[in-house]
Amino acid sequence: MQSLRFFFLIALLYCSSPAQAQPFKNTIPQLMLTQWTGDQGLISNNLTSSIQSQSGFIWITTYNGLMRFDGIKFDIYHKQITPSLPSDSFYRTYEDSTGVLWFASQSNGITRYYNNRFEHFLPNDSILPKSIRCLFLESNTVVWAGSSNRGLFRIENGQVSPVADSILKDISVLDILKDKQGTIWVATEGYGVISISKQGIKEFTTFEGLASNIVNTLALLPTGEIAAGTNNGLNFINHNTISVQEQLKGIRINKLEIDLDGTVWIGAETGLG
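J.: I keep staring at the overall build of the protein and nothing clicks. Help me out?
T.: Check the secondary structure of the protein and you find one helix and 23 strands. Counting the 273 residues in the protein, one finds 49% classified as buried. A fraction of 44% describes how many contacts in the protein between residues 6 or more apart in sequence connect residues 24 or more apart. Carbon and sulfur atoms make up 47% of the accessible area of the protein, which amounts to about 13,600 Å² in all.

Rendered as structure tokens:
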């Protein structure tokens, strides 16, 4: 099952790339590729995220439902056959330390899966938006949720609070992470990268050297730097200094992942790096 994580990582990194995009110039030696499509059981060829859970299954989100893959067959979940699912359209999936799966959905907030069943998380809450683009599971009691056009929210023990700073109000949040110093980093659609720390809230935009104010993905590097994949290239943020990866200037970065060896995998519109 471990090899499946790598295969689906490739599928995820490519999922937002146009069909005519050309790959990076250098090839990766000894790389075996396996492709699964609708012909092999996928509910959709447009994957939005994937993870390998502690149980060994690959979980995949799409705009047409969820899939669970055991290496041989796909189990399909959508609201027509799974009434406990409030939505078919999902952006991202995550797993917490206890093995509970969390799903950010396009129209019904947050869904969780545990004890072999799905449940709508906080279905009666009037504060949390219906369209949740991403999550960050800070602990077993604290969850950060990034929404479409409604900003950032912090959920602690089931209590939802918006991050009310004017910078974060009414924006779309595309990714969230926390660094080793406890700073929360937020990727936004049009407002660059925003950091939240004890010293306050700081915004990093093209004025500070960011390649684009549309930031699709973030990753915490082993060096402690923040890698930011934007619509116009890859940046590295070290304290208040922003540098650029020259080879990727002008290229849309869709996804960043770091493997167990500390290697950064880059899903770009020109291929996989």
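J.: How do you make sense of the side chain of Ser131 when you look at a structure like this?
T.: Its place among the elements puts Ser131 in the loop between strand S8 (117-121) and strand S9 (132-137). A distance of 3.2 Å separates a polar side-chain atom of Ser131 from the backbone oxygen of Gln106. Polar contacts involving the side chain of Ser131 include one to the side chain of Ser148, which spans 3.0 Å. Residues contacting Ser131, with those up to four places away along its chain left out, are Tyr91, Ser105, Gln106, Ser147 and Ser148.

J.: Is there a simple way to explain empty space enclosed by the protein in this structure?
T.: Empty space among the atoms becomes visible once a probe the size of a water molecule is rolled across them. Tallied over the entire structure, the rule returns one cavity of 30 Å³ or more. For the largest cavity, the full set of lining residues is Asn108, Gly109, Ile110, His120, Phe121, Leu122, Pro123, Asp125, Leu128, Pro129 and Lys130. Taken together, the residues of the lining of the largest cavity break down into six nonpolar, three polar and two charged.

J.: Just checking my understanding: could you explain the nonpolar core for this structure?
T.: Side chains that are nonpolar tend, in soluble globular proteins, to be buried together. Core analysis: the largest hydrophobic core is formed by 29 residues, its most contacted members being Trp102, Ile110, Leu135 and Leu152. Listing elements by their share of this core, those giving two or more residues are strand S6 (101-105), S9, strand S10 (142-147), strand S11 (152-156), strand S13 (173-178), strand S14 (184-188) and strand S15 (193-197). Beyond its immediate chain neighbours, meaning those up to four positions away, Leu152 contacts Trp144, Ala145, Gly146, Ser161, Pro162, Val163, Leu168, Val173, Ile176, Val186 and Ile196. In this structure, Ala187, Val193, Leu210 and Ile237 belong to the second largest nonpolar core, which totals 12 residues.

J.: Could you clarify how one ought to interpret the pairing of strand S20 (residues 241-244) in this entry?
T.: Each regular strand displays side chains that alternate between the two surfaces of the sheet. Sheet topology places strand S19 (residues 233-238) next to S20; four bridges connect them, and they run antiparallel. Bridge assignment links Asn235 to a residue of S20, and that residue is Val244. Counted along the chain from S19 to the antiparallel partner S20, the turn is two residues long, and its residue His239 has a positive phi close to 60 degrees.

J.: Please explain the sheet that holds S15 as it appears in this structure.
T.: By way of backbone hydrogen bonds, the strands of a sheet pair with one another, either parallel or antiparallel. An order of S13-S14-S15-S16 is seen for the four strands of this open sheet, with the pairing classed as antiparallel. Each having just a single partner strand, S13 and strand S16 (200-204) make up the two edges of the open sheet. Direction aside, neighbouring strands of the sheet carry axes that sit 20 degrees apart on average. In the sheet, S14 pairs with S15 via four bridges, with the strands oriented antiparallel. Residue Val186 lies in a different strand from S15, and its bridge partner there is Ile194.

Quick notes on the rules
- Along each chain, residue indices are assigned from 1 in the same order as the chain's sequence is written.
- Predicted model: local features are reported for residues with pLDDT of at least 70 only, side-chain atom pairs are reported and counted for 80 or more only, and whole-chain, interface and lining totals are derived from all residues.
- The basis for every side-chain value is the complete set of heavy atoms in the structure, and neither hydrogens nor water enter the calculation.
- Strands here are runs of E lasting at least two residues and helices are runs of H or I lasting at least four, both read from the DSSP assignment and numbered beginning at the N terminus.
- Only protein chains enter the accessibility calculation, which uses a 1.4 Å probe. A residue is then buried if its area is under 20% of the maximum for its type, exposed if over 50%, and partly exposed in between.
- We call two residues in contact whenever any of their non-hydrogen atoms come within 4.5 Å of each other.
- Areas reported here follow the Shrake-Rupley algorithm with a probe of radius 1.4 Å; residue values treat only the protein chains shown as occluding.
- We define a polar contact as two N or O atoms separated by no more than 3.5 Å, with the added condition that, inside protein, one atom must be a possible hydrogen donor and the other a possible acceptor, whereas residues neighbouring each other in sequence contribute only through side-chain atom pairs.
- Using a 1 Å grid laid over the protein atoms alone, points where a 1.4 Å probe fits but cannot get out form a cavity; open sets with protein on both sides within 12 Å along at least 5 of 7 lines form a pocket; any residue with an atom within 4 Å of a point counts as lining.
- Grid points are joined across faces, edges and corners, and a volume is the space filled by probe spheres set on the points.
- Polar here means any residue outside two lists: the nonpolar Ala, Val, Leu, Ile, Met, Phe, Trp, Tyr, Cys and Pro, and the charged Asp, Glu, Lys and Arg; Gly therefore counts as polar.
- What is meant by a nonpolar core is a set of buried Ala, Val, Leu, Ile, Met, Phe, Trp, Tyr and Cys residues, joined one to another through side-chain atoms within 4.5 Å.
- Pairing between strands is defined by DSSP: at least two bridges between them are needed.
- The axes are straight lines fitted to the C-alpha atoms, using for helices just the contacting stretch, and the angles between their N-to-C directions are given from 0 to 180°.

Keep in mind that these numbers describe shape and distance, not what the molecule does.
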